[in-house]
Amino acid sequence: MSADSADAPTPPTPDSTGSPAPSAASEFVRLLRAQRVWDTELPDFAPAAAPADPLPLFEQWFAEAVAAGQVEPHTMSLATADAGGQPDVRTVMLHGADQDGWHFASHAGSRKGRHLAARPYAALGFYWPAQGRQIRVRGPVTVAPPEVARADLHARSTGALASALVGRQSEVLDSYEELERASDAAWDRARREPDASAPSWTVYVLDPDEVEFFQGDAHRRHVRLTYRRVDGTWHQNLLWP
């Protein structure tokens with residue numbers, strides 16, 4: 001057997017009709033390409049009428065996403081980088097947005113907490129397919145005072161408090177049974193002590209220096225409006241899609 005023939009791919013096994021059976025990879029590609037996006041009527045977006053500050057537009061789009069039935073519109077992608085510059089991303093919950101910035105929370109010792117301690121800069125991404133909309137936010141991140149973290153923790157559900165009391169986020173878990181025991185104990189404590197503290201619980205505030213609003217268009221003429229803050233003043237620009 002020649003080297004060329006040895007390296008040739010093995011032909012697919014014929015199916016009962018005599019045709020080659022599709023490979024797992026080709027079936028995945030077929031399934032992937034069969035998916036459709038924005039299978040609904042998309043709203044218009046007139047950037048010329050956008051407010052001077054991005055926060056009111058974010059609040060408006062959020063309310064419209066809720067009204068459109070968007071599932072979990074308060075979840076967002078959070079991108080951070082470690083001390084060596086290696087990026088990471090995960091989905092977290094938005095805890096608030098105001099003139100100070102966009103708020104989220106986690107344990108200080110979690111992976112995201114360690115990243116933000118080393119590199120206090122992050123990016124957020126919201127995707128609301130019910131309306132073909134995305135919002136991207138990035139900027140420096142600061143830690144809110146401890147009393148803010150305590151208020152945030154106790155304003156949430158018993159389950160959220162129990163999860164925070166478990167702690168040890170991002171540490172290696174030896175067995176699922178260990179998690180079950182810790183979780184049961186945390187739920188018991190959360191019910192008995194609704195004011196229990198979780199010292200590592202931390203509220204982070206991203207103060208944006210750039211916010212982009214993306215409105216999808218069925219003809220791919222997507223509208224992208226970006227706000228960039230320079231010396232405390234927001235400047236708007238349209239971007240090519």
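Criteria and cut-off values
Residues numbered from 1 in each chain as written. Predicted model: local features only at pLDDT ≥ 70, side-chain atom pairs only at ≥ 80, totals over all residues. Heavy atoms only, no water. Helix = DSSP H or I, 4+ residues; strand = E, 2+ residues; numbered from the N terminus. Rg over C-alpha atoms; globule rule 2.2 N^0.38 Å. Buried < 20%, exposed > 50% of the residue type's maximum accessible area, 1.4 Å probe, protein only. Contact = heavy atoms within 4.5 Å. Areas by Shrake-Rupley, 256 points an atom, 1.4 Å probe, with all protein chains shown as cover. Lys, Arg positive; Asp, Glu negative; His and termini not counted. Charge placed at Lys NZ, Arg CZ, Asp CG, Glu CD. Patch = residues over 30% accessible without salt bridge, like charges linked within 9 Å, V, L, I, M, F, W, Y side chains within 5 Å. Salt bridge = Lys/Arg side-chain N within 4 Å of Asp/Glu carboxyl O. Pairing = 2+ DSSP bridges.

Novice: Hey, could you go over the overall build of the protein for me, with residue numbers and the actual values?
Specialist: Helix and strand counts for the protein stand at 7 helices and 10 strands. Its C-alpha atoms give the protein a radius of gyration of 24 Å, more than 25% over the compact-globule value 18 Å for 241 residues. Judged by the C-alpha coordinates and their principal axes, the protein covers about 70 × 55 × 40 Å. Each of the 241 residues in the protein was classed as buried or not, and the buried ones make up 32%. For the protein, the proportion of contacts with a sequence separation of at least 24, taken over those separated by at least 6, is 63%. Of the accessible surface of the protein, which amounts to about 14900 Å², a share of 54% is contributed by carbon and sulfur atoms. Computed over 23 positive and 32 negative side-chain charges, the inter-centroid distance for the protein is 2 Å.

Novice: For the side chain of His103, give the residues involved together with the corresponding values.
Specialist: Along the chain, His103 turns up in strand S4 (residues 101–107). In this structure His103 touches Met76, Met93, Leu94, His95, Gly96, Ala97, Asp98, Val203, Tyr204 and Val205, once residues within four positions along its chain are discounted.

Novice: Requested: an account of a nonpolar patch on the surface, with residues and values cited.
Specialist: Side chains of Phe28, Val29 and Leu32 sit close together on the surface and give an oily, nonpolar patch of about 280 Å² of accessible area. Here Val29 falls in the partly exposed class, since its relative accessible area comes to 30%.

Novice: Let's hear about the pairing of strand S9 (residues 223–230): which residues, and what values?
Specialist: Of the strand pairs in this sheet, strand S8 (residues 210–215) and S9 are connected by 6 bridges, and their pairing is antiparallel. When the sheet's bridge partners are listed, Val211 is paired in S9 with Tyr227. Direction of pairing for S9 relative to strand S10 (residues 233–239): antiparallel, over a ladder of 7 bridges. Residue Val230 lies in a different strand from S10, and its bridge partner there is Thr233. Counting the residues that bridge the hairpin from S9 to S10 gives 2 residues, and of these Asp231 lies at a positive phi of roughly 50 degrees.

Novice: I'd like to hear about the environment of Ala50, residue by residue, with values.
Specialist: Its place among the elements puts Ala50 in the loop between helix H2 (24–33) and helix H3 (54–67). For the pair Ala50 and Asp217, spaced 167 residues apart in sequence, the C-alpha to C-alpha distance is 18 Å. Look past the residues within four positions of Ala50 in its chain and what remains in contact with it is Leu57, Leu225, Tyr227 and Gln236.

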